[in-house]
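Residues per chain, in single letters:
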Amino acid sequence: MKGRFAPSPTGRMHLGNVYSALLSWLSAKSQDGSWVLRIEDIDPQRSRPEFARQLIEDLTWLGLTFDEGPYYQSERGEIYEQYLSRLKEQGLTYPCYCTRADIMATQAPHESDGRIVYAGTCRPPSLRAGSQTGNHSLPPLRGKGKGMGATRLFVPDDDIVFSDLHYGTHSINLATHCGDFILRRADGAWAYQLAVVVDDALMGITEVVRGRDLLLSVPQQIYLHRLLGFTPPSFCHLPLLCNEQGQRLCKRDKSLDLGELRKSHTAEDIVGLLAYYAGLIDHQEKVSAQELVSEFSWAKVPTEDVEIKDKGTS
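Not measured: the values here are computed from a predicted model.

## Things to note about helix H7 (residues 192-202)
Each full turn of the α-helix corresponds to 3.6 residues, which orients residues three or four apart in the same direction. The buried count for H7 comes to 8 of 11 residues, which makes it a mostly enclosed element. Those residues of H7 that sit buried are Gln 193, Leu 194, Ala 195, Val 196, Val 197, Val 198, Asp 199 and Asp 200. Against strand S1 (2-5), strand S2 (34-39), helix H3 (77-89), strand S8 (181-184), strand S9 (207-211) and helix H8 (218-227) lie the buried residues of H7. Gly 204, located one to two residues past H7, shows a positive phi value of around 70 degrees.

## Notes on the pattern of salt bridges
For the structure shown, the criterion picks out 17 salt bridges. Salt-bridge contacts for Arg 12 lead to Asp 58; the nearest nitrogen and oxygen are separated by 2.7 Å. Residue Arg 12 is located in the loop between S1 and helix H1 (15-30), and its partner Asp 58 is located in helix H2 (residues 49-62); the two are separated by 46 residues in the primary sequence. With relative accessibility at 24%, the residue Arg 12 sits in the partly exposed group. With a shortest N-O distance of 2.9 Å, Arg 38 and Asp 200 are connected by a salt bridge. Highlighted residues: Arg 38 in strand S2 and Asp 200 in helix H7, separated in sequence by 162 residues. Here Arg 38 falls in the buried class, since its relative accessible area comes to 0%. The class of Asp 200 is buried, set by a relative accessible area of 2%.

## Regarding a negative patch on the surface
Taken together, the side chains of Glu 268, Asp 282, Glu 285 and Glu 291 present a region of like negative charge at the surface. Residue position: Asp 282 is located in the loop between helix H10 (267-277) and helix H11 (289-292). For Asp 282, a relative accessible area of 67% translates into the label exposed.

## Structural notes on the packing of H7 against H8
Packing of H7 against H8 leaves a shortest axis separation of 9 Å and a crossing angle of 55 degrees. Looking at the two axes, H7 sits oblique to H8. Crossing of H7 against H8: the hand is right-handed. Listed contacts from H8 to Tyr 192, Gln 193, Leu 194, Val 196, Val 197 and Ala 201 of H7 are Gln 220, Gln 221, Leu 224 and His 225. In the contact of H7 with H8, the residues fall into 6 nonpolar, 4 polar and no charged.

## Regarding the pairing of strand S6 (residues 159-164)
Residues Ile 160, Phe 162 and Asp 164 line the buried face of S6, whereas the alternating positions Asp 159, Val 161 and Ser 163 sit on a face that is not buried. Sheet analysis places S6 next to strand S7 (residues 168-173), joined by 6 bridges and oriented antiparallel. Each bridged residue has a counterpart across the sheet, and for Phe 162 the counterpart in S7 is His 170. Counting the residues that bridge the hairpin from S6 to S7 gives 3 residues.

## Section: the nonpolar core
Formed by 47 residues in total, the largest nonpolar core has its most connected members in Leu 15, Leu 23, Leu 26, Leu 59 and Leu 64. Among the elements of the structure, H1, S2, H2, strand S10 (234-238), helix H9 (258-261), H10 and H11 are those that each provide at least two residues to this core. The leading source of residues in this core is H1, at 9 residues. Setting aside residues up to four positions removed in sequence, Leu 59 forms contacts with Phe 5, Met 13, Ala 21, Trp 35, Leu 37 and Leu 64.

## Overview of the environment of Gly 120
Positionally, Gly 120 belongs in the loop between helix H4 (100-104) and helix H5 (125-128). Look at Gly 120 and you get buried, because its relative accessible area is 12%.

## A word on unusual backbone geometry
In this structure, the amide linkage connecting Gly 69 to the following residue, Pro 70, adopts the cis form with an omega of 5 degrees. Tracing the backbone through its elements, the reader meets Pro 70 in strand S3 (residues 68-72). In this structure, Asp 32 takes a positive phi of about 55 degrees despite not being glycine. As for its placement among the helices and strands, Asp 32 is situated in the loop between H1 and S2. Residue classification places Asp 32 among the exposed residues on the basis of a relative accessible area of 76%.

Calculation notes
Along every chain, residues carry numbers that run from 1 in the direction the sequence is written. Totals for whole chains, interfaces and linings use every residue, but because this is a predicted model, local features are given only for residues with pLDDT of at least 70 and side-chain atom pairs only at 80 or more, for both listing and counting. The side-chain values count all of the structure's non-hydrogen atoms but skip hydrogen atoms and water molecules. Each residue is assigned to one of three classes by its accessible area relative to the maximum for its type, calculated with a 1.4 Å probe on protein chains only: buried under 20%, partly exposed between the two thresholds, exposed over 50%. Each helix is a run of DSSP H or I of at least 4 residues and each strand a run of E of at least 2, with the numbering of both proceeding from the N terminus. Note on definitions: a residue-residue contact is assigned when non-hydrogen atoms from the two residues lie within 4.5 Å. Every case where a carboxyl oxygen of Asp or Glu lies within 4 Å of a side-chain nitrogen of Lys or Arg is listed as a salt bridge. Like-charged residues are merged into a patch within 9 Å and nonpolar side chains (Val, Leu, Ile, Met, Phe, Trp, Tyr) within 5 Å, provided each residue has over 30% relative accessible area and no salt bridge. Using a 1.4 Å probe, the Shrake-Rupley method yields the accessible areas, and only the shown protein chains count as cover for residues. Under the counting rule used here, the positive set is Lys and Arg, the negative set is Asp and Glu, and His together with the chain ends is not counted. By convention, charge coordinates are those of NZ in Lys, CZ in Arg, CG in Asp, or CD in Glu. For every element, the axis is a line fit to its C-alpha atoms; helices are fit only across the contacting stretch, and the angle between N-to-C directions ranges from 0 to 180 degrees. What sets the label is the angle itself: under 35 degrees gives roughly parallel, over 145 gives roughly antiparallel, 65 to 115 gives roughly perpendicular, and the rest give oblique. Less than a right angle of anticlockwise turn of the near helix away from the far helix marks a crossing as left-handed, whereas a clockwise turn marks it as right-handed. Gly is put with the polar residues, along with every residue not named as nonpolar or charged; the nonpolar set is Ala, Val, Leu, Ile, Met, Phe, Trp, Tyr, Cys and Pro, and the charged set is Asp, Glu, Lys and Arg. Any two strands between which DSSP finds at least two bridges are classified as paired. Side-chain atoms within 4.5 Å link the members of a nonpolar core, which is a set of buried Ala, Val, Leu, Ile, Met, Phe, Trp, Tyr and Cys residues.

Here it is in structure tokens:
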């Protein structure tokens, strides 16, 4: 069994990040498994090496030691290129020159989560019939923009059925959920979906634990796993930690990031607080991550999001 924690180094970790890291680590260790640290720094505009270094130091301070890594996605471009070539050989990719404004203009955002479903504007005629196999001859570039354009992956009008270990069974149609999605951006940066699937497969990850805000990315990832001949890992999503306005914690919540919390709290304070919110202990107390391994059970973890108040860490 092998789990992983795969943060983006775009700022200091906050309590929500640590919550995911802790439960991922506990799940792996309670199954006598290993835990991998992967730094997802494929966004060159937002990722910073200093944030990655601080993240590693924070995990060590918290007692969340990793057995493999850290791996850096920014160093794995040649690997992603190989697997993108496999998809191109299957005739399932095409260049897209739509700008974000073009896509936003095609429809209103999805009411519940703001998603925009790509309308297939640049999809070649050979793929519009819905064929999912065979080599397709792509038409000439249509000159909607300069440069190489983004690379999109054709998705069929099919349902992907999967069972989340914490939130149960879901059936999602890729065509209506997201439409053809990007594998490589127009600026050459690798898209999250391709990089995460290739890395999870090649690193032997068998269990993915992360926040429920990523639950709806599972069908795209399962689809990619299948196309590339991989076996998807199991997925287990967590309730989100939210601020007093009901918004999930983000790196703008400075009072709840580790830079501030470490000034007045020990690692055992923070781990104990998160263990309490996760239902692993029945009252807030100081506790180490290692002490929680024998207490860990997914049955104890709530499914409802948890509101965090700044004073709740005192």
